[in-house]
Amino acid sequence: MVGGWPMGKRGPPPKPAYLKLLAGNPGKRKINRREPRPAPGQPSIPSWLSGAAKSEWRRVWKAVPPGLITKLDRYVFAQYCQNVARMAELEKILTEVGYTFVTDKGYVVQRPELGMLKGLQSLTTRLCGELGLTPSSRGRIELPPDAEKEGTEDFLFGRRARPPA
């Protein structure tokens, strides 16, 4: 508290343990091995997504390394896909009508669709970073060649003793 006012957390948000491990723990900081682990597996495509957003979901999911996006990330991934579909719609409109228009008073102004597009582009870029879909965020992640063969939990946190079957 500063002057009786609560302060927000400082610095960038902490990186999840599994992403630190995938990146090889570059900061060599202690890994929280008790961090909640999302269930592995492909999340279902939300029914409320538009057709174009569902297509984007399928297109990106084919290229996503196993364990990078989990069922718990469903909403964030859906947001990304819907934003991509909306950006395509806005680009189509802007291609047809142009980036500016003339007002009743004769001023040339930017179309509202252009502002909407810029906002979606900014948000989508941030979502891509959160999901590991940008070149820089992928560049910090190292997936071993046998990651697909191992279970996600074993890959991220090492093999554990299992009870006999």
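Details of the structure are given in the entry above.
The shown structure was predicted, so the numbers you read here are calculated from the model rather than taken from an experiment. By convention here, each chain's residues receive numbers from 1 onward along its written sequence. For a predicted model such as this one, the threshold for reporting local features is a pLDDT of at least 70, and the threshold for listing and counting side-chain atom pairs is 80 or more; totals across whole chains, interfaces and linings nevertheless cover every residue. Each side-chain value is derived from all of the structure's non-hydrogen atoms; neither hydrogens nor water enter the calculation.

**What about the side chain of Glu113?**
The test is simple: Strands are runs of DSSP state E lasting at least two residues, helices are runs of H or I lasting at least four, and both sets are numbered from the N terminus onward. Summary of the burial criterion: residues with accessible area below 20% of their type's maximum are buried, those above 50% are exposed, and those between are partly exposed, where the area comes from a 1.4 Å probe applied to protein chains only. When checking whether two residues touch, look at their non-hydrogen atoms; a contact exists if any pair is within 4.5 Å.
Residue position: Glu113 is located in helix α4 (residues 112-131). A residue is classified by how much of its surface remains accessible, and Glu113, at 16% relative accessible area, is buried. Residues contacting Glu113, with those up to four places away along its chain left out, are Leu90, Ile93 and Leu94.

**Topic: helix α3 (residues 74-97)**
Operational definition: Helix span is expected to be 1.5 Å times the residue number reduced by one.
Over its 24 residues, α3 extends 35 Å from the first C-alpha to the last, a length consistent with the 34 Å expected when each residue adds 1.5 Å. For α3, the complete set of buried residues consists of Phe77, Ala78, Tyr80, Cys81, Gln82, Asn83, Val84, Ala85, Met87, Leu90 and Leu94. On its buried face, α3 sits against α2 (51-63) and α4. After α3 finishes, the residue Gly98 shows a positive phi value of roughly 95°.

**Quick look at the packing of aromatic side chains**
Any aromatic ring pair is given by two values, namely how distant the centres are and how the planes are angled relative to each other. Under the convention used in this document: Only Phe, Tyr and Trp rings are paired, with Trp represented by its six-membered ring, and only when their centres lie within 6.5 Å; those with planes under 30 degrees apart are stacked, over 60 edge-to-face, the remainder tilted.
Scanning the model with the defined rule gives 4 aromatic pairs in all. Geometrically, the ring pair formed by Trp61 and Phe77 is tilted, given 6.1 Å between the ring centres and 55° between the ring planes. Linking Trp61 in helix α2 with Phe77 in helix α3, this pair joins segments that are 16 residues apart in sequence. The same class applies to Trp61 and to Phe77, which are both buried. Plain terms: the ring middles of Phe77 and Tyr80 are 6.2 Å apart, the flat faces sit at 10° to each other, and that makes the pair stacked. Within this pair, Phe77 and its partner Tyr80 are both found in helix α3, separated by 3 residues, close to a single helical turn. One aromatic cluster is present, built from ring pairs that chain together Trp57, Trp61, Phe77 and Tyr80.

**Points about α4**
What sets the pattern is the α-helix's 3.6 residues per turn: residues three or four places apart point alike. With 20 residues, α4 extends 29 Å between its outermost C-alpha atoms, agreeing within 8% with the 28 Å of an ideal straight helix rising 1.5 Å per residue. Immediately downstream of α4, the backbone of Gly132 shows phi near 75°, a positive value.

**A look at the side chain of Gln82**
Considering the arrangement of structural elements, one finds Gln82 in helix α3. Excluding residues within four positions of it along the chain, Gln82 makes contact with Trp48, Leu49, Ser50 and Ala53.

**Remarks on the environment of Pro16**
Looking at the secondary structure, you find Pro16 in the segment before α1 (17-22). As a C-alpha pair, Pro16 and Ile31 span 15 residues in sequence and 9.0 Å in three-dimensional space.

**Digging into the packing of α3 against α4**
Axis angle and axis distance: for two packed helices, these are the angle between their axes and the distance between the axes, and together they describe the pair. Definition in use: A fitted line through C-alpha atoms serves as each axis, taken over the contacting stretch for helices, and the angle formed by two N-to-C directions is quoted from 0 to 180°. Note on terminology: angles under 35 degrees are roughly parallel, angles over 145 are roughly antiparallel, angles of 65 to 115 are roughly perpendicular, and the others are oblique. We call a crossing left-handed when the near helix sits turned anticlockwise from the far one by less than a right angle, and right-handed when that turn is clockwise. By the convention adopted, Pro, Cys, Tyr, Trp, Phe, Met, Ile, Leu, Val and Ala count as nonpolar, Lys, Arg, Asp and Glu as charged, and the other residues, Gly among them, as polar.
Taken N-terminus to C-terminus, the directions of α3 and α4 make an angle of 150°; their axes are 9 Å apart at the nearest point. In terms of orientation, α3 and α4 fall into the roughly antiparallel class. Crossing of α3 against α4: the hand is left-handed. In this structure, α3 contributes Val76, Phe77, Gln79, Tyr80, Asn83, Val84, Arg86, Met87, Leu90, Glu91, Ile93 and Leu94 to the contact, and α4 contributes Glu113, Leu114, Met116, Leu117, Leu120, Gln121, Leu123, Thr124, Leu127, Cys128 and Leu131. Per-class residue counts for the contact of α3 with α4 are 16 nonpolar, 4 polar and 3 charged.

**A look at the nonpolar core**
It is characteristic of soluble globular proteins that their nonpolar side chains tend to be buried jointly. The condition is simple: By nonpolar core we mean a set of buried residues, namely Ala, Val, Leu, Ile, Met, Phe, Trp, Tyr and Cys, connected to one another through side-chain atoms within 4.5 Å.
In terms of nonpolar packing, the biggest core is built from 26 residues, with Trp57, Ile69, Phe77, Tyr80 and Leu133 touching the most fellow members. Counting residues per element, the ones that place at least two in this core are α1, α2, α3 and α4. If you tally residues by element for this core, the top one is α3, at 9 residues. Phe77 has contacts with Trp57, Val60, Trp61, Ile69, Leu131 and Leu133, leaving out every residue within four places of it along the chain.

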